[in-house]
Structures are given as structure tokens and as C-alpha cells.
Amino acid sequence: MWGAQRIGGLAVGAATLFIPLAIGIDSQAQTPAQIPAMPLLTDTPQYCVELSNEVEEDRQALVSPAPPEVEQLAEEGRRLCALGEVRGGIARLRRAVVLLHEISGRS
Amino acid sequence: MRILVVEDDKDVAGFVVKGLRESGHVVEHADNGRDGLFLAASEPFDAIILDRMLPGGIDGLRILETLRSQHNTVPVLFLSALGQVDDRVLGLKAGGDDYLTKPFAFAELLARVEALTRRGKGEGPVTKLAVGDLEMDLLSRSVRRAGQKIDLQPREFLLLEYLMRHAGQVVTRTMLLEGVWDYHFDPQTNVIDVHVSRLRQKVDKPFPTSLIHTVRNAGYMLRVDGQ
Amino acid sequence: MVARAAGLGAGIAPRRPPASPVAPRVPAHPRFLHSAALRFAAVYVLLFGLSALALAIFLWWQTAGVLDRETDNAITADVQSLAVRWNQGGLAGLIITIENRLAENVDDNAIYLLVDPRLQRVAGNLAAWPTSLPLDRTWAELPIERAGIRSLARVRRYNLPGGFHLLVGRDVQVRAELRDLLTGALLWALLVVLVLGLAGAVVIRGLFRRALADVSATAAAISAGDLSQRVRISGRGDEFDRLSETINEMLERISRLMDGVREVSNAIAHDLRTPITRARSRLEDAALHARTETDLRAAIERATADLDGVVAVFQALLRIAEIEAGARRSAFAPFDLAPLLADLVDLYSAVAEERGISLKLQSPERLALFADRELLQQAIANLLDNALKFSPPGGVVRLSAEVVSGMAAISVADRGPGIPSADRARAAERFFRGEAARHTPGAGLGLALVQAVAQLHGGSLVLADNLPGLKAVLRLACTAEPEARGEPKAMPKGAQHEAPAADT
């Protein structure tokens with residue numbers, strides 16, 4: 001009986017340590033370094049230009065003038081993209097798009 | 001009377017058998033359990049004196065249980081070694097009729113064995129007892145001697161009743177203590193003697209003859225004088 | 001006889017001889033792995049560890065797990081709404097929707113890919129269908145690159161009618177990092193828990209050992225022969241204290257029993273030698289000098305009486321020993337004390353009258369007891385006997401019984417010389433005879449028996465001054481019904497427990 005107790009104790013102790021390790025390892029297993037990473041097309045300067053054009057189109061399609069934030073955001077976005085901060089620029093341009101869509105009822 | 005003595009101790013057995021024969025009884029003796037059981041089962045006896053501890057694989061209790069299971073109702077008196085008080089209860093429960101611890105006085109043994117045999121006679125419910133000119137009515141709880149009424153306390157009545165039921169037999173002090181007061185030990189003082197003497201004052205003294213006699217070294221006996 | 005009494009004594013208090021007869025055996029600590037303290041501590045670590053593990057898993061599930069589930073739900077909702085768009089607007093509608101969603105994706109975490117049956121990109125922000133994606137699974141994790149930085153996405157595949165395939169996903173890099181952070185933290189936490197647990201185990205092992213050390217040390221001293229040792233009581237009243245108290249009680253009892261055995265041996269040596277010697281010399285004298293048969297008979301009878309006296313003393317001694325060893329518990333039964341007292345008074349009234357002593361009884365109509373009837377009878381008779389023996393003519397002996405706070409108190413009070421207070425403490429010792437009683441018949445066992453009976457019934461014998469005279473009070477703790485009281489403790493092997501008779 002004492003033998004069974006000891007074995008049981010060791011088993012639980014081992015489990016105590018290994019389950020979280022297993023979870024940790026498992027989370028790493030999902031992204032082995034060998035698989036090549038695919039770039040997102042929406043992180044590129046080209047997309048910046050696309051969005052900028054869209055903003056212009058939507059602004060011109062408006063009936064009433066757009067609020068000043070829109071122009072502000074668009075300006076900032078273009079500027080950031082030009083400076084190389086592509087993701088930041090795209091983010092601002094997207095916000096401008098969202099505002100414009102809200103106004104025009106398209107989103 | 002025919003008495004069977006089953007006892008392995010040679011000295012005690014010799015003593016008892018001799019004493020019983022001298023008192024006029026026919027005595028058989030067995031010194032181990034198996035012979036004892038054989039004799040008890042095959043021959044008729046008026047009483048059996050049975051030692052608890054016996055050699056031969058069968059002890060006193062087993063013998064008794066076997067006899068009782070065969071519907072043998074012979075009165076049995078147990079003997080046992082000093083100090084085993086709980087054994088008395090066990091012995092009586094197994095169907096024994098009386099119990100004595102060793103060492104015992106022979107007079108005590110004789111008195112109890114003779115009382116046992118009287119018990120077995122099966123007289124049926126009795127309403128009156130009479131010894132000589134002494135009459136006791138158990139229903140009305142009254143006592144008369146030579147026609148005269150005797151006033152007795154309840155305990156005195158019980159004492160006299162016991163003596164009358166064992167009329168002609170020796171009644172020891174221990175028997176009286178057990179039978180009348182339900183008291184199972186040896187008192188230091190002579191309580192029984194005092195009670196008997198008070199009874200004598202009422203039953204014997206006012207009359208010409210005595211009925212209550214002292215038996216030296218044994219106890220008392222109720223009998224008509226001269227018998 | 002002596003051998004028998006000694007044998008009985010050894011039976012009452014069995015004592016194993018010490019392992020080595022020379023030096024006391026101090027118990028060494030058990031080998032490490034066999035230590036009970038270690039097992040105790042190991043249980044502690046286990047419980048502690050398991051609790052910590054449970055907590056950690058719960059935390060993880062509530063945080064990282066929640067995040068994961070939220071992401072998956074968002075992706076699924078996205079997929080479903082896109083499917084609806086396909087149904088409503090066909091390919092063109094879906095493409096527009098996808099582009100719209102990308103344009104409005106302020107959170108910058110959405111991934112879409114729509115491919116035709118030839119796996120050519122039609123819409124979305126992935127360049128091509130990921131080759132690493134297994135075709136059988138719906139869900140997958142996909143490494144992506146965001147502005148040069150490696151990232152992770154969770155994607156779901158959806159097959160559209162017409163052979164088109166849709167891939168919808170979210171950037172879960174932040175969540176993956178959070179999950180890793182959490183996992184790492186929990187692992188470290190578990191390590192800390194393990195260390196704490198081990199430290200705690202060491203402490204517990206120490207406590208355990210310390211609590212037992214006292215008991216083991218005392219037990220060791222006792223088995224070496226020093227019966228006066230007692231276990232120390234910490235005063236906290238906890239389970240260890242209770243254990244120590246019980247052990248001390250047991251030691252008291254063993255000590256008492258052994259003293260009793262010693263007393264009996266001494267008594268047999270001293271007090272019984274006299275009547276035996278007397279009987280012997282009478283018989284020897286008769287053998288040498290008796291002239292007539294009458295003389296011989298007389299001498300023999302006197303010797304027999306002496307020997308009967310010796311037998312009576314032995315019987316009383318053995319009875320007391322039996323009672324003290326608790327062997328009589330089996331004869332306990334419910335009965336009414338009142339008629340028993342009346343019978344005893346009746347029995348002794350004749351003697352009392354003869355000596356001019358007035359014997360009075362004061363008892364309630366009914367006094368229900370759960371006790372040993374015969375033992376009580378003998379005990380009370382002993383007290384009455386003593387009272388009558390020592391009362392002067394014209395005196396009064398009072399036998400009374402009452403129930404006081406759950407205990408029955410039976411007292412016998414006389415107006416004799418009493419027992420001087422100095423002797424009262426020892427009066428119930430076997431063979432003790434005070435100065436005043438030294439010349440009256442008796443072996444000095446009466447009170448010893450009464451006390452033994454009292455103790456067997458969980459009570460006591462109290463001797464007090466009756467001013468003048470002696471008042472002996474027999475207290476018994478046996479008034480309640482057995483069921484209410486709880487069964488008596490460990491009965492000796494072989495004792496039959498009689499079923500209590502119907503209440504009389």
C-alpha cells in the first residue's frame with residue numbers, strides 16, 4: 001500500500017509540472033520557424049495609395065462637405081505612408097474611410 | 001438417593017463420595033468428562049454433582065448442555081474453582097440448578113444436594129404447608145401452630161416458608177440468604193442467626209416442643225422433634 | 001494460591017519486557033523514506049500543489065482561453081456574414097464586401113482571401129492560397145509577415161459553392177504573445193509553489209515530529225521501567241493534548257493496577273501468614289499433645305475455621321481484583337435500587353436490634369439504576385456491616401439514597417468512633433486497618449471492595465466525618481439509560497454483554 005501511495009504521489013507531482021509545460025510547448029508548436037511567413041497585401045505602400053484614392057472618391061461623392069477630421073486623418077495618413085510608417089498611415093486612412101462610410105450610409 | 005459425582009480431583013472426589021455414602025446415598029463416580037456424560041445419559045440419577053473443569057475434552061458445561069438437549073431434567077449442582085463469579089450465571093443459564101465454589105463445607109454440599117432432589121419431585125402448586133402441628137396458609141399468608149395464630153413480619157413469613165418447604169432437610173445459612181433475601185455473598189456478621197432466633201421466639205418458644213433445630217456446623221432444620 | 005494471584009495480576013496489566021534489559025532503548029528516528037512525518041508532509045505538498053495547479057489552469061482558461069474563444073467566434077461570425085453576401089450578391093458582391101471590410105478594418109487585424117477553383121487569388125489581402133494549409137482542417141494557424149515583422153494569424157477555411165474557397169482570419173500575434181507570457185508566468189509560479197510547498201512540508205514534518213516527540217520520549221522512559229513518567233500536556237486542549245491525557249490516564253491505571261498487585265503480594269506475605277500459621281500450630285499441637293478424640297476434633301474444627309477465614313480473604317481479594325480489572329462490566333443491567341435497599345435493611349435490622357442500634361432507611365420510592373446489582377448489594381452490605389460493627393449501643397445508623405445531578409449517592413452514616421481524618425485517605429486501601437479497628441475482626445478489605453465497585457460504576461467512595469462518626473457515601477454515575485449515555489468503553493475479551501432486561 002505504501003508503494004501505491006508513493007507511485008500515486010510521484011504521478012501527481014509529475015503532472016503538476018508537465019501539464020503546463022505541455023500547454024506551453026503546444027502553443028509554440030503551432031508556428032514552427034520553417035514555414036515561410038506570408039505578407040499581407042494590406043501592409044504595403046500600394047495599399048496606402050489605394051485607400052487614399054478611395055477616400056478622395058468618397059469625399060467627392062458626398063452631398064455636404066465632409067467634417068474636417070476626415071481631411072485631417074487623410075493628410076496624416078498620406079504623410080505617414082510617405083515617411084515609411086505604412087501601418088500607421090493605413091490605420092488613419094482607414095479611420096477616414098470609416099467616417100466617410102458612416103456619413104454616406106454605406107458601412 | 002442415587003447421586004453421580006463427576007470430579008477429577010482425587011482428594012475432593014474421595015471426600016465427597018465417602019461423605020455421601022455415609023449419609024446413606026448410592027454414589028457413582030466418574031473422573032473425566034466423557035465417562036461422566038456416558039453415565040449421566042445411560043443411568044437414572046436423583047442428582048448429579050458436576051465439576052466445571054474436567055479432563056477428557058468435555059467440560060462440565062458441555063455435559064449439562066448435552067443432557068438438557070436430550071430433555072434430561074435431572075437436578076445438577078455445579079462445583080467450580082475459587083473466584084469465578086460469572087461462571088455461576090453461565091452455569092445456571094445452561095440449565096444448572098445450583099452452584100458451589102470450592103473450597104466448600106461438606107455440610108453445605110450435602111444440604112444443597114438433598115434440597116435439589118426435593119425440588120425435582122414436582123408437587124404442583126401448593127397452597128398449604130404443614131409440619132407437625134405447624135400450619136401455613138400461603139394464600140392468606142397466615143400461620144397457625146396448635147390452632148393458635150402466630151403473627152409474623154413479611155420477611156419472617158418468607159423465612160419460615162423456606163424452612164417448611166425444606167422440612168426434614170438441612171438448610172445452610174447461605175441457602176437462606178440466597179433463598180429469602182436474594183443475597184449472594186458471605187456477610188461478616190451472623191445476620192441469619194439473629195433472624196432465625198427471632199423466628200424461634202415466635203414459633204418455638206411459646207410451645208412445648210421445638211420445630212426449628214440447629215444443625216451443628218451446617219445450618220438449621222425444621223422438623224418435628226424426635227424424628 | 002500465591003502463584004494464582006500473581007498470575008491474575010500479570011493478566012490484569014500485561015507488560016512486555018523491554019528489548020534490552022540494560023540500557024533504556026531510545027527510539028531512533030525512522031529511516032527517511034519510512035517516516036510518517038514525511039508522508040504527512042508529502043500529502044501536504046500534494047494538496048498544495050494540486051490546488052495551485054487547479055488555480056493556474058483556471059486562470060489560464062479564463063484569460064488566454066477567453067481571448068482564443070473570442071477570436072474564433074469573431075472569425076466564424078465573419079465567415080457566416082460573408083456567406084450570406086455570396087448568396088445575395090454572388091461573386092461580385094462578395095468581392096466588394098471583402099474590399100470594404102479591409103478598408104474599414106481600423107483594428108488592422110483582418111485577413112481575407114478568396115480564391116477561385118484553381119486557387120488563384122480573386123480578392124483579399126493574401127497573395128496566394130497558403131500552401132502549408134492542410135486541406136482537411138477547417139481551422140489553422142498561419143505565420144504572416146507584417147511590415148517585415150513575423151506574426152501569427154488564426155484562419156478558417158470555408159468552401160463556397162462553385163469551387164471557390166474563402167479564408168477568413170485574424171492577426172493573433174498579440175494574443176499569442178499574451179498566451180506565452182501567461183504560460184511562462186504560471187510555470188514560474190508553479191515552481192515557486194513547489195519550493196514553498198517543500199518548505200511547508202519541512203515545517204509540517206517538524207511540527208509532526210515535535211508533537212509526537214513528547215509522547216515517544218515518555219513511552220520510552222516508561223518501557224525502561226519508570227512508571228512515574230507522564231506525557232506533557234501543552235494546555236492547548238487540542239487533539240494531541242487529548243491523546244496525551246488519555247495516555248496519562250492509561251498510565252495512571254496501569255500504575256494503580258501494578259500497585260494493587262504489589263499490595264496483594266505484600267498482604268499475602270504479611271497478613272495472611274498469621275491465620276495460616278495459627279492453624280498449622282494448632283494442628284501440630286493437637287497431633288503432639290491431644291489426649292482425647294474430643295480434643296482432636298475440637299482442634300481440627302478450630303483449624304478449619306481459621307482456614308475458612310483465609311479462604312474468605314482470598315475470595316474477597318480476587319473479587320476486588322476482578323472488579324478493578326473491569327471484568328464485571330458484563331453484568332450491568334437496569335434495576336430498581338429501592339427494593340434492594342429495603343431488603344438489606346431488613347436483613348441487618350435483626351442484628352441492629354440485637355445490639356440496640358436503630359437502623360433507619362431513607363430512600364425514594366423508586367431509584368432506577370443501570371449497574372451491577374450483586375456488586376452493589378455487597379458494597380452497601382459492607383458499609384452497613386462496618387457501621388453496625390462500630391456503632392455503640394443506642395446509636396443510629398442511617399442508610400439513605402438520592403440522585404444528585406445525574407449521580408446516585410448512597411450513604412451510610414453511623415455515630416461510632418469514625419475514622420480520623422489522617423487515616424481517611426488510606427482507609428480504602430487493601431488490608432488497611434486504622435488504630436481503632438486494629439482489634440476488631442476483619443481483614444480490612446471491606447472498604448477496598450466498596451471503592452472498587454464505585455470505580456467500576458464510574459463513581460467514587462467518599463468518607464466524611466459525620467460529627468461524630470463516619471459517613472460513607474457511595475457515588476455512582478449510572479442513573480441514565482444506556483442508550484443516552486453511550487455504550488461502556490472497550491470491554492475485556494470474552495465478556496458477554498447481556499441485553500438489558502425490561503425496566504422493572
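Residues numbered from 1 in each chain as written. Chains lettered and ligands numbered in written order. Predicted model: local features only at pLDDT ≥ 70, side-chain atom pairs only at ≥ 80, totals over all residues. Heavy atoms only, no water.

**Section: the overall build of chain B**
Here is step 1: Summing up its helical and strand segments, chain B has 8 helices and 12 strands in all.
Here is step 2: The buried share of chain B, taken over its 227 residues, is 52%.
Here is step 3: Partitioning the contacts of chain B with sequence separation of at least 6, the portion at a separation of at least 24 is 57%.
Here is step 4: For chain B, the exposed surface amounts to about 10,900 Å²; the carbon and sulfur share of it is 51%. (Helix = DSSP H or I, 4+ residues; strand = E, 2+ residues; numbered from the N terminus. Buried < 20%, exposed > 50% of the residue type's maximum accessible area, 1.4 Å probe, protein only. Contact = heavy atoms within 4.5 Å. Areas by Shrake-Rupley, 256 points an atom, 1.4 Å probe, with all protein chains shown as cover.)

**Notes on the state of the cysteines**
All names here are of chain A.
Here is step 1: For the structure on display, the rule yields 1 disulfide over all chains.
Here is step 2: Residue Cys48 pairs covalently with Cys81 via a disulfide, S to S 1.4 Å. Of this pair, Cys48 sits in helix α2 (residues 45–61) while Cys81 sits in helix α3 (residues 68–83), and the two are 33 residues apart along the sequence.
Here is step 3: Cys48 sits in the buried class, given a relative accessible area of 5%. (Disulfide = S-S within 2.5 Å.)

**Structural notes on the sheet that holds strand β4 (residues 149–159) of chain C**
Here is step 1: Read across the sheet, 6 strands follow the order β1(A)-β3(C)-β4(C)-β5(C)-β1(C)-β2(C) without closing on themselves; strand pairing throughout is mixed. Whereas interior strands pair on both sides, the edge strands pair on one side only; in this sheet they are β1 (38–39) of chain A together with β2 (121–124) of chain C.
Here is step 2: With 6 bridges connecting them, strand β1 (residues 110–115) of chain C and strand β5 (residues 165–171) of chain C associate as antiparallel partners. Residue pairing in the sheet places Tyr112 of chain C in a bridge with Val168 of chain C of β5 of chain C. (Pairing = 2+ DSSP bridges.)

**Points about the packing of aromatic side chains**
Here is step 1: One pass over the full model with this rule turns up 5 aromatic pairs over all chains.
Here is step 2: Consider the rings of Tyr44 of chain C and Phe48 of chain C, whose centres lie 5.7 Å apart with planes at 10°: the pair is stacked. One end of the pair is Tyr44 of chain C and the other is Phe48 of chain C, both in helix α2 (residues 36–62) and 4 residues apart, which spans about a single turn.
Here is step 3: A cation over a ring is seen here: Arg52 of chain B above Phe78 of chain B, with NZ or CZ 5.8 Å from the ring centre. (Phe/Tyr/Trp six-rings, centres within 6.5 Å; stacked < 30°, edge-to-face > 60°. Lys NZ or Arg CZ within 6 Å of the ring centre and 35° of its normal.)

**Overview of the side chain of Thr172 of chain B**
All names here are of chain B.
Here is step 1: Within the secondary structure, Thr172 sits in strand β10 (residues 171–172).
Here is step 2: Assessed through its relative accessible area of 1%, Thr172 is described here as buried.
Here is step 3: Within the structure, Thr172 has its side chain in polar contact with the side chain of Glu108 (distance 2.5 Å).
Here is step 4: For Thr172, the residues in contact, after removing those within four places along its chain, are Ala107, Glu108, Ala111, Ala218 and Gly219. (Polar contact = N/O pair within 3.5 Å; in protein donor to acceptor, adjacent residues only side chain to side chain.)

**Structural notes on the nonpolar core**
Here is step 1: Membership of the largest hydrophobic core comes to 96 residues, with the highest contact counts inside it found for Leu160 of chain B together with Leu337, Tyr348 and Leu474 of chain C.
Here is step 2: Ranked by the residues each element gives to this core, the list is headed by helix α8 (residues 337–354) of chain C, at 10 residues.
Here is step 3: Residues contacting Leu160 of chain B, with those up to four places away along its chain left out, are Leu134, Met136, Val143, Leu152, Leu199, Val203 and Leu222 of chain B.
Here is step 4: Grouped together as the second largest cluster of nonpolar side chains are 32 residues, Leu93 of chain A together with Ile75, Leu82 and Ala103 of chain C included. (Core = buried A, V, L, I, M, F, W, Y, C linked by side-chain atoms within 4.5 Å.)

**Quick look at a negative patch on the surface**
Here is step 1: Negative charge collects at one region of the surface, where Asp8, Asp9, Asp11, Asp31 and Asp35 of chain B lie side by side.
Here is step 2: Relative to the assigned elements, Asp8 of chain B resides in the loop between β1 (2–6) and α1 (10–22). (Patch = residues over 30% accessible without salt bridge, like charges linked within 9 Å, V, L, I, M, F, W, Y side chains within 5 Å. Salt bridge = Lys/Arg side-chain N within 4 Å of Asp/Glu carboxyl O. Lys, Arg positive; Asp, Glu negative; His and termini not counted. Charge placed at Lys NZ, Arg CZ, Asp CG, Glu CD.)

**Considering the sheet that holds strand β11 (residues 460–465) of chain C**
All names here are of chain C.
Here is step 1: Across the sheet, 5 strands lie side by side as β7-β9-β10-β12-β11; this open sheet has mixed pairing. Whereas interior strands pair on both sides, the edge strands pair on one side only; in this sheet they are β7 (358–362) and β11. Adjacent strand axes in the sheet meet at a mean angle of 15°, parallel and antiparallel pairs treated alike.
Here is step 2: Its contacts with the sheet put α8 on β7, β9 (396–404) and β10 (407–413), and the angle it makes with β7 is roughly 175°. (Axes fitted to C-alpha atoms, helices over the stretch in contact; angles between N-to-C directions.)

**Observations regarding the side chain of Arg155 of chain B**
Here is step 1: Along the chain, Arg155 of chain B falls in helix α6 (residues 154–165).
Here is step 2: Given a relative accessible area of 16%, Arg155 of chain B falls into the buried group.
Here is step 3: For Arg155 of chain B, the side chain forms a polar contact with the main-chain oxygen of Val180 of chain B, separated by 3.2 Å.
Here is step 4: Not counting the four nearest positions on each side in its chain, Arg155 of chain B is found in contact with Val180 and Trp181 of chain B together with Asp343 and Asp346 of chain C.

**A few points about the packing of helix α3 (residues 64–103) of chain C against helix α4 (residues 173–223) of chain C**
Residues and elements named next belong to chain C.
Here is step 1: At a closest axis distance of 10 Å, the pairing of α3 and α4 adopts a crossing angle of 160°. Of the possible angle classes, the one that applies to α3 and α4 is roughly antiparallel. Two packed elements cross with a definite hand, and for α3 against α4 that hand is left-handed. In contact with Ala64, Leu67, Asp68, Glu70 and Thr71 of α3, α4 contributes Arg175, Leu178, Arg179 and Leu182. (Parallel < 35°, antiparallel > 145°, perpendicular 65-115°, else oblique. Left-handed = near helix turned anticlockwise from the far one by under 90°.)

**Details of the pattern of salt bridges**
Here is step 1: All chains considered together, the criterion is met by 39 salt bridges over all chains.
Here is step 2: Linking Arg78 of chain A and Glu56 of chain A is a salt bridge whose minimum nitrogen-to-oxygen distance equals 3.1 Å. Separated by 22 residues along the polypeptide, Arg78 of chain A in helix α3 and Glu56 of chain A in helix α2 bring together distant segments of the chain.
Here is step 3: Judged by relative accessible area, which is 25%, Glu56 of chain A ranks as partly exposed.
Here is step 4: The closest approach of N and O atoms between Arg87 of chain A and Asp108 of chain C, which form a salt bridge, is 3.1 Å. On the criterion of chain membership, the pair formed by Arg87 of chain A in helix α4 (residues 86–104) and Asp108 of chain C in the loop between α3 and β1 is interchain, its members lying in two chains.
Here is step 5: Taking the relative accessible area as the measure of exposure, Arg87 of chain A reaches 31% and is therefore partly exposed.
Here is step 6: The buried category is assigned to Asp108 of chain C, whose relative accessible area is 10%.
Here is step 7: In this structure, a network of salt bridges that share partners links the residues Asp43, Arg87 and Arg94 of chain A together with Asp108, Arg146 and Asp171 of chain C.

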